[in-house]
Amino acid sequence: MADKAHFSVHVACSTVLTLFFIINLFVGGESSDWKLSWSKRAAAEAEAVAAFSCSGHGRAYLDGLVVNGKPISCAANAANGDPYFLEPFWMQHASSSAVLVSGWHRMGYSFSDHSYISQELERTIRTLHSIVGNAVTTGRYIVFGAGSTQLLNAAVNALSADNSSSPARVVALFPYYPVYKSQTDLFESTNYKFEGDASLWENSTDNGTTKFIEFVTSPNNPDGQQRKAVLRGPNAKAIYDRAYYWPHFSPIPTPADEDVMIFTISKLTGHAGARFGWAIIKDKAVYERMTTYMDLNTIGVSRDSQLRALKLLKVVLKDGGRGIFEFGFQTMRDRWEQLRNTLFKSERFSLQKFDEPQYCTFFQKVRGTSPAYAWVKCEREEDRDCYSVMEAGNITGREGGQYGAEDRYVRLSLIRSQDDFDLLIPRLSKISREEGA
(Lines give C-alpha, C1' and ligand atoms only; values in the text may rest on other atoms or scores of the structure.)
Protein backbone atom coordinates (compact mmCIF):
# COMPACT_ATOMS: atom_id res chain seq x y z
CA MET A 1 0.00 0.00 0.00
CA ALA A 2 2.85 2.38 0.84
CA ASP A 3 4.41 1.78 -2.61
CA LYS A 4 1.08 2.45 -4.29
CA ALA A 5 0.69 5.72 -2.35
CA HIS A 6 4.20 6.83 -3.34
CA PHE A 7 3.45 6.02 -6.97
CA SER A 8 0.26 8.10 -6.86
CA VAL A 9 2.17 11.05 -5.39
CA HIS A 10 4.83 10.83 -8.16
CA VAL A 11 2.17 10.76 -10.87
CA ALA A 12 0.40 13.77 -9.36
CA CYS A 13 3.64 15.77 -9.11
CA SER A 14 4.59 14.90 -12.68
CA THR A 15 1.18 16.02 -13.94
CA VAL A 16 1.41 19.35 -12.07
CA LEU A 17 4.92 20.05 -13.42
CA THR A 18 3.84 19.24 -16.97
CA LEU A 19 0.89 21.63 -16.70
CA PHE A 20 3.20 24.31 -15.28
CA PHE A 21 5.58 24.07 -18.23
CA ILE A 22 2.77 24.09 -20.78
CA ILE A 23 1.10 27.15 -19.22
CA ASN A 24 4.38 29.09 -19.11
CA LEU A 25 5.32 28.11 -22.64
CA PHE A 26 2.03 28.83 -24.38
CA VAL A 27 0.23 31.24 -22.03
CA GLY A 28 2.90 33.01 -20.01
CA GLY A 29 4.46 34.67 -23.09
CA GLU A 30 7.15 37.31 -22.76
CA SER A 31 5.66 38.66 -19.52
CA SER A 32 6.22 35.40 -17.68
CA ASP A 33 8.96 35.29 -15.05
CA TRP A 34 10.06 31.87 -16.32
CA LYS A 35 11.22 31.74 -19.99
CA LEU A 36 13.39 29.61 -22.28
CA SER A 37 15.90 32.46 -22.27
CA TRP A 38 19.10 30.56 -23.10
CA SER A 39 17.61 28.53 -25.96
CA LYS A 40 15.90 31.57 -27.48
CA ARG A 41 19.13 33.52 -27.27
CA ALA A 42 21.11 30.66 -28.86
CA ALA A 43 18.57 30.36 -31.67
CA ALA A 44 18.73 34.09 -32.31
CA GLU A 45 22.54 34.00 -32.48
CA ALA A 46 22.48 31.05 -34.87
CA GLU A 47 19.96 32.79 -37.13
CA ALA A 48 22.09 35.95 -37.14
CA VAL A 49 25.16 34.01 -38.25
CA ALA A 50 23.16 32.10 -40.89
CA ALA A 51 22.02 35.42 -42.33
CA PHE A 52 25.60 36.40 -43.27
CA SER A 53 26.22 36.22 -47.00
CA CYS A 54 29.21 33.92 -46.47
CA SER A 55 27.61 31.56 -43.94
CA GLY A 56 27.37 28.72 -46.45
CA HIS A 57 23.59 28.55 -46.08
CA GLY A 58 23.89 28.47 -42.31
CA ARG A 59 26.83 26.06 -42.01
CA ALA A 60 29.07 28.65 -40.38
CA TYR A 61 29.30 28.91 -36.61
CA LEU A 62 29.72 31.73 -34.11
CA ASP A 63 33.39 30.90 -33.55
CA GLY A 64 34.09 31.30 -37.25
CA LEU A 65 32.26 34.47 -38.21
CA VAL A 66 31.96 36.48 -35.00
CA VAL A 67 34.85 38.03 -33.08
CA ASN A 68 34.19 39.99 -29.86
CA GLY A 69 30.50 39.94 -30.65
CA LYS A 70 30.96 41.54 -34.09
CA PRO A 71 30.74 39.82 -37.48
CA ILE A 72 34.00 39.61 -39.41
CA SER A 73 34.33 40.62 -43.05
CA CYS A 74 33.12 37.90 -45.39
CA ALA A 75 36.00 37.38 -47.81
CA ALA A 76 35.50 35.26 -50.93
CA ASN A 77 37.65 32.25 -50.06
CA ALA A 78 39.51 31.12 -53.17
CA ALA A 79 42.72 30.27 -51.33
CA ASN A 80 42.78 26.57 -50.57
CA GLY A 81 41.99 23.46 -52.55
CA ASP A 82 39.17 22.00 -50.47
CA PRO A 83 37.13 20.19 -53.17
CA TYR A 84 33.66 21.02 -51.86
CA PHE A 85 32.37 21.33 -55.44
CA LEU A 86 31.63 17.59 -55.29
CA GLU A 87 29.66 17.81 -52.06
CA PRO A 88 26.22 17.92 -53.78
CA PHE A 89 27.02 14.67 -55.58
CA TRP A 90 27.69 12.89 -52.29
CA MET A 91 24.55 14.35 -50.72
CA GLN A 92 22.65 12.58 -53.49
CA HIS A 93 24.42 9.33 -52.53
CA ALA A 94 24.28 9.71 -48.75
CA SER A 95 23.05 6.19 -48.02
CA SER A 96 25.26 4.23 -50.42
CA SER A 97 28.42 6.12 -49.40
CA ALA A 98 27.92 5.94 -45.64
CA VAL A 99 30.34 3.90 -43.51
CA LEU A 100 29.66 2.48 -40.04
CA VAL A 101 32.66 1.21 -38.06
CA SER A 102 31.99 -0.55 -34.77
CA GLY A 103 34.26 0.26 -31.86
CA TRP A 104 35.78 -3.22 -31.85
CA HIS A 105 36.34 -3.45 -35.59
CA ARG A 106 39.75 -3.07 -37.32
CA MET A 107 41.68 -2.68 -34.08
CA GLY A 108 44.85 -4.40 -35.32
CA TYR A 109 47.70 -2.95 -37.36
CA SER A 110 47.38 -5.25 -40.35
CA PHE A 111 44.87 -7.16 -42.45
CA SER A 112 44.35 -10.92 -42.32
CA ASP A 113 47.14 -11.44 -44.88
CA HIS A 114 49.54 -9.59 -42.52
CA SER A 115 49.91 -6.66 -44.96
CA TYR A 116 48.98 -3.01 -44.44
CA ILE A 117 47.14 -2.80 -47.76
CA SER A 118 43.54 -3.83 -48.41
CA GLN A 119 43.70 -6.21 -51.37
CA GLU A 120 40.06 -5.44 -52.20
CA LEU A 121 40.84 -1.71 -52.33
CA GLU A 122 43.84 -2.33 -54.56
CA ARG A 123 41.71 -4.36 -56.98
CA THR A 124 39.09 -1.61 -56.98
CA ILE A 125 41.72 1.03 -57.80
CA ARG A 126 43.00 -1.04 -60.72
CA THR A 127 39.43 -1.43 -62.00
CA LEU A 128 38.84 2.32 -61.66
CA HIS A 129 41.90 3.21 -63.76
CA SER A 130 40.92 0.64 -66.37
CA ILE A 131 37.41 2.11 -66.72
CA VAL A 132 38.52 5.76 -66.70
CA GLY A 133 41.49 4.99 -68.95
CA ASN A 134 43.85 7.43 -67.20
CA ALA A 135 46.63 5.09 -66.05
CA VAL A 136 48.20 1.75 -66.88
CA THR A 137 48.17 -0.61 -63.89
CA THR A 138 48.80 -3.99 -65.54
CA GLY A 139 52.14 -5.35 -64.38
CA ARG A 140 52.59 -2.40 -62.01
CA TYR A 141 52.96 -2.23 -58.23
CA ILE A 142 50.72 -0.08 -56.00
CA VAL A 143 51.70 1.64 -52.75
CA PHE A 144 49.18 3.35 -50.43
CA GLY A 145 49.91 6.60 -48.62
CA ALA A 146 48.33 9.24 -46.40
CA GLY A 147 47.23 11.36 -49.33
CA SER A 148 49.67 12.12 -52.14
CA THR A 149 51.75 14.28 -49.77
CA GLN A 150 53.32 11.34 -47.93
CA LEU A 151 53.92 9.47 -51.18
CA LEU A 152 55.81 12.39 -52.73
CA ASN A 153 58.62 12.16 -50.21
CA ALA A 154 58.49 8.37 -50.18
CA ALA A 155 59.18 8.49 -53.93
CA VAL A 156 62.02 11.01 -53.57
CA ASN A 157 63.55 8.88 -50.85
CA ALA A 158 63.28 5.73 -53.00
CA LEU A 159 64.71 7.32 -56.17
CA SER A 160 67.64 8.94 -54.36
CA ALA A 161 68.72 5.85 -52.46
CA ASP A 162 72.14 4.88 -53.83
CA ASN A 163 75.82 5.23 -53.01
CA SER A 164 76.30 8.55 -54.83
CA SER A 165 78.80 10.93 -53.22
CA SER A 166 76.57 13.93 -53.90
CA PRO A 167 72.87 14.41 -53.12
CA ALA A 168 70.29 14.08 -55.87
CA ARG A 169 68.97 17.37 -57.16
CA VAL A 170 65.22 17.64 -56.78
CA VAL A 171 63.69 20.06 -59.31
CA ALA A 172 60.34 21.13 -60.77
CA LEU A 173 59.38 23.31 -63.70
CA PHE A 174 58.04 26.67 -62.50
CA PRO A 175 55.29 27.40 -61.57
CA TYR A 176 55.16 24.35 -59.33
CA TYR A 177 53.25 22.95 -56.36
CA PRO A 178 55.04 24.52 -53.33
CA VAL A 179 54.98 21.33 -51.23
CA TYR A 180 57.72 19.90 -53.47
CA LYS A 181 60.18 22.44 -52.11
CA SER A 182 58.90 22.82 -48.55
CA GLN A 183 58.74 19.08 -47.92
CA THR A 184 62.14 18.37 -49.46
CA ASP A 185 63.70 21.16 -47.40
CA LEU A 186 61.97 19.98 -44.23
CA PHE A 187 63.54 16.53 -44.23
CA GLU A 188 67.07 17.91 -44.82
CA SER A 189 68.30 14.58 -46.18
CA THR A 190 71.90 14.01 -47.20
CA ASN A 191 70.58 12.02 -50.19
CA TYR A 192 68.66 14.83 -51.90
CA LYS A 193 68.27 18.61 -52.03
CA PHE A 194 65.78 20.93 -53.72
CA GLU A 195 67.50 22.84 -56.51
CA GLY A 196 64.69 24.92 -58.01
CA ASP A 197 63.51 25.31 -61.61
CA ALA A 198 64.00 22.23 -63.79
CA SER A 199 64.47 24.36 -66.92
CA LEU A 200 67.68 25.82 -65.50
CA TRP A 201 69.28 22.36 -65.60
CA GLU A 202 67.99 21.26 -69.00
CA ASN A 203 71.23 21.93 -70.87
CA SER A 204 73.60 21.62 -67.94
CA THR A 205 76.66 19.43 -68.27
CA ASP A 206 75.83 18.20 -64.76
CA ASN A 207 72.84 16.47 -66.27
CA GLY A 208 75.08 13.63 -67.40
CA THR A 209 76.83 12.96 -64.09
CA THR A 210 74.54 14.10 -61.28
CA LYS A 211 71.28 12.39 -60.38
CA PHE A 212 68.14 14.50 -60.86
CA ILE A 213 64.65 13.84 -59.55
CA GLU A 214 62.04 15.95 -61.33
CA PHE A 215 58.51 16.53 -60.07
CA VAL A 216 56.09 16.72 -62.99
CA THR A 217 52.53 17.77 -62.17
CA SER A 218 50.20 17.00 -65.05
CA PRO A 219 47.75 18.66 -65.23
CA ASN A 220 49.79 21.28 -63.42
CA ASN A 221 48.99 23.02 -60.17
CA PRO A 222 48.52 26.03 -60.40
CA ASP A 223 47.93 26.61 -64.15
CA GLY A 224 46.34 23.36 -65.36
CA GLN A 225 48.85 22.74 -68.18
CA GLN A 226 49.64 19.21 -69.37
CA ARG A 227 53.34 18.61 -68.77
CA LYS A 228 56.16 16.22 -69.59
CA ALA A 229 59.51 15.84 -67.89
CA VAL A 230 62.06 18.45 -68.97
CA LEU A 231 65.18 16.48 -68.06
CA ARG A 232 66.31 13.40 -69.98
CA GLY A 233 69.06 10.84 -69.64
CA PRO A 234 69.96 7.84 -67.51
CA ASN A 235 70.49 9.96 -64.38
CA ALA A 236 67.18 11.81 -64.64
CA LYS A 237 64.18 10.32 -62.84
CA ALA A 238 60.65 11.75 -62.79
CA ILE A 239 57.80 11.61 -60.29
CA TYR A 240 54.50 12.30 -62.04
CA ASP A 241 51.92 13.90 -59.77
CA ARG A 242 48.63 12.92 -61.44
CA ALA A 243 46.27 14.31 -58.79
CA TYR A 244 44.23 16.24 -61.39
CA TYR A 245 44.26 13.69 -64.23
CA TRP A 246 40.56 12.88 -63.91
CA PRO A 247 37.69 13.62 -66.32
CA HIS A 248 36.22 16.51 -64.33
CA PHE A 249 39.46 18.50 -64.80
CA SER A 250 41.04 17.20 -67.98
CA PRO A 251 40.37 15.25 -71.16
CA ILE A 252 41.79 11.72 -70.95
CA PRO A 253 43.41 11.11 -74.35
CA THR A 254 45.60 8.16 -73.31
CA PRO A 255 46.44 6.21 -70.16
CA ALA A 256 49.42 7.64 -68.28
CA ASP A 257 52.30 5.17 -68.27
CA GLU A 258 55.22 6.76 -66.39
CA ASP A 259 57.63 4.97 -64.06
CA VAL A 260 56.26 6.65 -60.91
CA MET A 261 52.71 8.05 -60.87
CA ILE A 262 50.92 9.42 -57.81
CA PHE A 263 47.15 9.78 -57.41
CA THR A 264 44.94 10.92 -54.55
CA ILE A 265 41.33 10.51 -53.57
CA SER A 266 41.25 14.22 -52.65
CA LYS A 267 40.68 15.47 -56.19
CA LEU A 268 38.95 12.31 -57.41
CA THR A 269 36.02 12.06 -54.99
CA GLY A 270 36.63 15.31 -53.09
CA HIS A 271 37.41 13.64 -49.76
CA ALA A 272 40.62 15.48 -48.96
CA GLY A 273 40.20 14.89 -45.23
CA ALA A 274 40.27 11.11 -45.70
CA ARG A 275 44.02 11.42 -46.41
CA PHE A 276 44.34 8.58 -48.87
CA GLY A 277 46.47 8.32 -51.99
CA TRP A 278 48.34 5.72 -54.01
CA ALA A 279 51.41 5.42 -56.20
CA ILE A 280 51.66 3.24 -59.31
CA ILE A 281 55.22 1.97 -59.75
CA LYS A 282 56.96 0.13 -62.60
CA ASP A 283 60.23 -0.87 -60.94
CA LYS A 284 60.13 -3.49 -58.20
CA ALA A 285 63.15 -2.05 -56.34
CA VAL A 286 61.55 1.40 -56.18
CA TYR A 287 58.29 -0.20 -55.02
CA GLU A 288 60.06 -2.07 -52.23
CA ARG A 289 61.91 1.04 -51.03
CA MET A 290 58.67 3.04 -50.99
CA THR A 291 56.90 0.24 -49.11
CA THR A 292 59.68 0.17 -46.52
CA TYR A 293 59.40 3.94 -46.14
CA MET A 294 55.66 3.67 -45.52
CA ASP A 295 56.05 0.80 -43.06
CA LEU A 296 58.62 2.69 -41.00
CA ASN A 297 56.98 6.09 -41.30
CA THR A 298 53.39 5.31 -40.28
CA ILE A 299 53.09 1.48 -40.28
CA GLY A 300 50.98 1.77 -43.40
CA VAL A 301 47.84 3.80 -43.96
CA SER A 302 44.90 4.02 -41.58
CA ARG A 303 42.64 1.02 -42.07
CA ASP A 304 39.64 3.28 -41.46
CA SER A 305 40.77 5.54 -44.32
CA GLN A 306 41.14 2.50 -46.57
CA LEU A 307 37.64 1.32 -45.65
CA ARG A 308 36.14 4.71 -46.47
CA ALA A 309 38.09 4.95 -49.73
CA LEU A 310 36.81 1.52 -50.75
CA LYS A 311 33.23 2.49 -50.01
CA LEU A 312 33.52 5.74 -51.97
CA LEU A 313 35.20 4.15 -54.98
CA LYS A 314 32.53 1.45 -55.16
CA VAL A 315 29.91 4.21 -55.40
CA VAL A 316 31.97 5.83 -58.17
CA LEU A 317 32.18 2.55 -60.09
CA LYS A 318 28.50 1.66 -59.68
CA ASP A 319 27.63 3.43 -62.94
CA GLY A 320 31.06 3.19 -64.51
CA GLY A 321 32.06 6.58 -63.17
CA ARG A 322 29.58 8.46 -65.35
CA GLY A 323 27.69 10.02 -62.44
CA ILE A 324 30.53 11.69 -60.56
CA PHE A 325 32.61 12.64 -63.61
CA GLU A 326 29.69 14.12 -65.54
CA PHE A 327 28.63 16.06 -62.45
CA GLY A 328 32.19 17.25 -61.77
CA PHE A 329 32.93 18.18 -65.39
CA GLN A 330 29.66 20.07 -65.82
CA THR A 331 30.25 21.98 -62.57
CA MET A 332 33.81 22.94 -63.54
CA ARG A 333 32.84 23.79 -67.12
CA ASP A 334 30.05 26.09 -65.93
CA ARG A 335 32.35 27.82 -63.44
CA TRP A 336 34.99 28.43 -66.09
CA GLU A 337 32.37 29.84 -68.44
CA GLN A 338 31.25 32.31 -65.76
CA LEU A 339 34.84 33.24 -64.95
CA ARG A 340 35.77 33.84 -68.60
CA ASN A 341 32.67 35.96 -69.12
CA THR A 342 33.55 37.97 -66.01
CA LEU A 343 37.11 38.76 -67.13
CA PHE A 344 36.52 38.74 -70.90
CA LYS A 345 36.79 42.50 -71.39
CA SER A 346 39.05 43.25 -68.46
CA GLU A 347 42.38 44.90 -69.15
CA ARG A 348 43.35 44.54 -65.52
CA PHE A 349 43.45 40.72 -65.27
CA SER A 350 44.31 37.87 -67.62
CA LEU A 351 43.88 34.11 -67.31
CA GLN A 352 46.30 31.29 -68.14
CA LYS A 353 46.47 29.89 -71.65
CA PHE A 354 44.74 26.58 -72.15
CA ASP A 355 45.80 23.40 -73.92
CA GLU A 356 44.02 22.67 -77.18
CA PRO A 357 40.85 20.57 -76.88
CA GLN A 358 41.52 16.83 -77.13
CA TYR A 359 39.53 13.69 -77.69
CA CYS A 360 38.58 12.26 -74.29
CA THR A 361 38.37 8.48 -74.35
CA PHE A 362 36.20 8.45 -71.22
CA PHE A 363 33.51 10.85 -72.49
CA GLN A 364 34.16 9.76 -76.10
CA LYS A 365 34.17 13.29 -77.44
CA VAL A 366 36.50 16.24 -77.99
CA ARG A 367 36.58 18.53 -74.98
CA GLY A 368 38.69 21.25 -73.43
CA THR A 369 40.30 21.46 -70.03
CA SER A 370 38.49 22.64 -66.91
CA PRO A 371 41.32 23.17 -64.39
CA ALA A 372 40.87 23.27 -60.65
CA TYR A 373 42.47 26.71 -60.38
CA ALA A 374 42.51 30.02 -62.18
CA TRP A 375 46.06 31.34 -62.60
CA VAL A 376 45.39 35.07 -62.74
CA LYS A 377 47.89 37.73 -63.76
CA CYS A 378 47.56 41.39 -62.81
CA GLU A 379 48.38 43.27 -66.01
CA ARG A 380 48.56 46.87 -64.82
CA GLU A 381 52.06 48.17 -64.17
CA GLU A 382 51.22 49.37 -60.67
CA ASP A 383 49.60 46.04 -59.67
CA ARG A 384 52.86 44.26 -58.86
CA ASP A 385 51.33 42.41 -55.91
CA CYS A 386 48.27 40.66 -57.32
CA TYR A 387 47.47 39.00 -53.99
CA SER A 388 47.07 42.42 -52.37
CA VAL A 389 44.87 43.57 -55.26
CA MET A 390 42.57 40.63 -54.64
CA GLU A 391 42.69 41.15 -50.89
CA ALA A 392 41.60 44.76 -51.35
CA GLY A 393 38.59 43.41 -53.24
CA ASN A 394 37.79 41.05 -50.32
CA ILE A 395 39.07 37.96 -52.15
CA THR A 396 41.65 35.58 -50.70
CA GLY A 397 43.90 33.63 -53.06
CA ARG A 398 47.44 32.24 -53.07
CA GLU A 399 50.45 34.40 -53.92
CA GLY A 400 52.27 33.59 -57.14
CA GLY A 401 55.55 33.66 -55.26
CA GLN A 402 54.57 30.47 -53.44
CA TYR A 403 54.71 28.68 -56.79
CA GLY A 404 58.05 30.13 -57.86
CA ALA A 405 56.38 32.75 -60.07
CA GLU A 406 56.15 36.55 -59.95
CA ASP A 407 53.87 38.17 -57.42
CA ARG A 408 51.92 39.54 -60.39
CA TYR A 409 50.23 36.15 -60.35
CA VAL A 410 47.68 34.77 -57.91
CA ARG A 411 46.00 31.37 -57.77
CA LEU A 412 42.24 31.30 -57.26
CA SER A 413 40.59 28.01 -56.32
CA LEU A 414 37.49 27.12 -58.34
CA ILE A 415 36.78 23.83 -56.55
CA ARG A 416 35.33 25.13 -53.31
CA SER A 417 31.60 25.23 -52.55
CA GLN A 418 29.02 26.93 -54.74
CA ASP A 419 28.56 29.53 -52.00
CA ASP A 420 32.27 30.40 -52.19
CA PHE A 421 32.14 30.63 -55.98
CA ASP A 422 29.02 32.80 -55.87
CA LEU A 423 30.89 35.25 -53.64
CA LEU A 424 33.98 35.21 -55.85
CA ILE A 425 32.46 36.10 -59.24
CA PRO A 426 30.74 39.43 -58.37
CA ARG A 427 33.79 40.62 -56.44
CA LEU A 428 36.09 39.76 -59.33
CA SER A 429 33.72 41.56 -61.66
CA LYS A 430 33.80 44.65 -59.50
CA ILE A 431 37.57 44.99 -59.19
CA SER A 432 38.12 44.05 -62.86
CA ARG A 433 36.06 47.10 -63.84
CA GLU A 434 38.16 49.41 -61.66
CA GLU A 435 40.46 50.18 -64.58
CA GLY A 436 41.26 53.70 -63.53
CA ALA A 437 41.63 53.07 -59.79
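Note: the structure precedes this text.
Procedures and definitions
Residues numbered from 1 in each chain as written. Predicted model: local features only at pLDDT ≥ 70, side-chain atom pairs only at ≥ 80, totals over all residues. Heavy atoms only, no water. Helix = DSSP H or I, 4+ residues; strand = E, 2+ residues; numbered from the N terminus. Buried < 20%, exposed > 50% of the residue type's maximum accessible area, 1.4 Å probe, protein only. Contact = heavy atoms within 4.5 Å. Areas by Shrake-Rupley, 256 points an atom, 1.4 Å probe, with all protein chains shown as cover. Pairing = 2+ DSSP bridges. Axes fitted to C-alpha atoms, helices over the stretch in contact; angles between N-to-C directions. Expected span 1.5 Å × (residues − 1). Arc of directions from axis to C-beta. Polar contact = N/O pair within 3.5 Å; in protein donor to acceptor, adjacent residues only side chain to side chain.

A.B. asks: Describe the overall build of the protein, with residues and values.
C.D. replies: When its secondary structure is counted, the protein shows 13 helices and 17 strands. Within the protein, the proportion of its 437 residues that are buried is 47%. Long-range pairs, those at least 24 residues apart, make up 72% of the contacts in the protein with a sequence separation of at least 6. Surface exposure of the protein reaches about 22200 Å², of which carbon and sulfur atoms provide 54%.

A.B. asks: Tell me about the sheet that holds strand β14 (residues 373-378), residues and numbers included.
C.D. replies: Overall, antiparallel pairing links the 4 strands, which are arranged β11-β14-β17-β16 in an open sheet. Each edge of the open sheet carries a strand with a single partner, namely β11 (349-350) and β16 (398-399). Where β14 meets strand β17 (residues 409-413), 5 bridges bridge the pair, whose relative direction is antiparallel. In the sheet register, Tyr373 faces β17, and the bridge partner there is Ser413.

A.B. asks: Explain the sheet that holds strand β7 (residues 212-217) to me, using residue names and the numbers behind them.
C.D. replies: Ordered by their spatial adjacency, 7 strands build an open sheet running β4-β10-β9-β8-β7-β5-β6, and the pairing between neighbours is mixed. Strands with a single pairing partner mark the edges of an open sheet, and in this sheet they are β4 (141-145) and β6 (192-197). For this sheet, the mean angle separating the axes of adjacent strands, direction not counted, is 25°. Sheet topology places β7 next to strand β8 (residues 236-241); 6 bridges connect them, and they run parallel. Counted as the bridge partner of Phe212 is Ala236 from β8. The sheet contacts of helix α7 (residues 147-160) involve β4, β5 (168-172), β6, β7, β8, β9 (260-264) and β10 (277-281), and relative to β9 the element is tilted by about 165°.

A.B. asks: Break down helix α9 (residues 284-298) for me, citing the residues and quoting the values.
C.D. replies: Here α9 spans 21 Å end to end across 15 residues, near enough to the 21 Å set by a 1.5 Å rise per residue. For α9, the set of buried residues is Val286, Met290, Tyr293 and Met294. End-on, the buried residues of α9 take up no more than an arc of 95°, which puts them together on one face. Taken together, the buried residues of α9 touch β4, α7, α8 (179-187), β9 and β10. With a side-chain oxygen lying 3.1 Å from the backbone nitrogen of Ala285, the N-terminal cap of α9 falls on Asp283. Looking one or two residues past α9, Ile299 carries a phi angle of roughly 50°, positive in sign.

A.B. asks: I'd like a description of the pairing of β5, backed by residues and values.
C.D. replies: Residues in a regular strand point their side chains to alternate faces of the sheet. Along β5, 5 of the 5 residues are buried, which leaves the element largely enclosed by surrounding structure. Covered by surrounding structure in β5 are Ala168, Val170 and Ala172 together with Arg169 and Val171, the residues of both alternating faces. In terms of strand pairing, β5 meets β6 through 4 bridges, oriented parallel. Each residue of the ladder has a partner; that of Arg169, found in β6, is Lys193.

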